[in-house]
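Chains, contacts and geometry: an overview
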Amino acid sequence: MRGKLSNTTTYDAKVDYSQYDNLHFFVRNFNTNNTLYNRFNVIYDNATILTVSGQLKHQLGEKINVIARGNYYYYKTKTLLRAYNKPDVDFTLSGIYNLQSKIFLKADLFVMGNQWAYTQINDNGIIVPKYKLINGWADMNLEAEYRYTKLMSFFVRLNNIGNQGYYRWQNYP
């Protein structure tokens, strides 16, 4: 569903229900040779995903655009207990400033929700599966772009300007 709330504000809303055969999930490789435990194996499971998405775009004057978009995910797996390393929500807030039709400044704030990781513990020689909650995180990026022509532009992008340490996957920053 798309529409206009006003002359300067638009919205998009979407609900998606998908069924997957052999959807991939990353789980940590517990090989004893991997001392950092930062390598992954891929496991597959049949799954359904309900995704609810939305976006608002607002234009402030002629030069500034603000865009907010987000997604909520509900995973239902056939044999796995959880959708490993898949976030439950993500959100992006972007601001774009058109300086002089050739110079654009952009700032993005990304927020990733909680996700679950599969892990194992050794309980007196018996390997016991365990599930670990990986906390969500936020990240901010800045970008400046110079559009020399319609076909050529130059840009500088600074990612993770807050120098935040976070894990995208378990033991994998």
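Here, every reference points to the structure presented above.
Since we're looking at a predicted model, the values are computed, not measured. (Residues numbered from 1 in each chain as written. Predicted model: local features only at pLDDT ≥ 70, side-chain atom pairs only at ≥ 80, totals over all residues. Heavy atoms only, no water.)

1. Remarks on the overall build of the protein
When its secondary structure is counted, the protein shows zero helices and 10 strands. The principal-axis extents of the C-alpha atoms in the protein amount to approximately 65 × 35 × 25 Å. Across the 173 residues that make up the protein, the buried fraction comes to 24%. In the protein, the proportion of contacts linking residues at least 24 apart, taken out of those at least 6 apart, comes to 51%. Separation between the mean location of the 20 positive side-chain charges and that of the 12 negative ones in the protein comes to 2 Å. (Helix = DSSP H or I, 4+ residues; strand = E, 2+ residues; numbered from the N terminus. Buried < 20%, exposed > 50% of the residue type's maximum accessible area, 1.4 Å probe, protein only. Contact = heavy atoms within 4.5 Å. Lys, Arg positive; Asp, Glu negative; His and termini not counted. Charge placed at Lys NZ, Arg CZ, Asp CG, Glu CD.)

2. Describing the packing of aromatic side chains
A complete count under the given rule lists five aromatic pairs for this structure. Among the aromatic residues, ring-to-ring pairing joins Y84, Y118 and Y131 into one connected group. Taking the ring centre of F104 as reference, the NZ or CZ of R147 above it sits at 4.0 Å. (Phe/Tyr/Trp six-rings, centres within 6.5 Å; stacked < 30°, edge-to-face > 60°. Lys NZ or Arg CZ within 6 Å of the ring centre and 35° of its normal.)

3. Some points on the sheet that holds strand β3 (residues 40-60)
Strand order in the open sheet formed by eight strands is β1-β2-β3-β4-β5-β6-β9-β10, with antiparallel pairing between adjacent strands. Only two strands of the sheet have a single neighbouring strand rather than two, namely β1 (2-4) and β10 (153-158). In this sheet, adjacent strand axes meet at a mean angle of 20 degrees when their direction is disregarded. The pairing of strand β6 (residues 103-112) with strand β9 (residues 137-147) spans 10 bridges and is classified as antiparallel. Paired with F104 across the bridge in β9 is E145. (Pairing = 2+ DSSP bridges. Axes fitted to C-alpha atoms, helices over the stretch in contact; angles between N-to-C directions.)

4. A short note on the environment of N124
Mapped onto the secondary structure, N124 falls in the loop between β7 (115-123) and β8 (126-134). On the basis of relative accessibility, which here comes to 76%, the residue N124 falls in the exposed class. Between the alpha carbons of N124 and M112 there is a distance of 36 Å; along the sequence they are 12 residues apart.

5. Some remarks on the side chain of T9
The topology assignment puts T9 in strand β2 (residues 9-28). Of the polar contacts made by the side chain of T9, one reaches the side chain of H58; its length is 2.5 Å. Other than its neighbours up to four places away in sequence, T9 contacts K4, L56, K57 and H58. (Polar contact = N/O pair within 3.5 Å; in protein donor to acceptor, adjacent residues only side chain to side chain.)

6. Here we look at the nonpolar core
Counting residues in hydrophobic clusters, the biggest one holds 10 residues: L23, F25, V27, A47, I49, Y73, Y75, L80, A83 and Y84. Of all elements in the fold, only β2, β3 and β4 (64-77) reach the threshold of two or more residues within this core. Among the elements that line this core, the one with the most residues is β2, at three residues. (Core = buried A, V, L, I, M, F, W, Y, C linked by side-chain atoms within 4.5 Å.)

7. A word on the environment of K78
Relative to the elements of secondary structure, K78 occurs in the loop between β4 and β5 (89-98). Spatially, the C-alpha atoms of K78 and S6 are 44 Å apart, while their sequence positions differ by 72 residues. When near neighbours in sequence (up to four residues on either side) are disregarded, K78 contacts D45 and N46.

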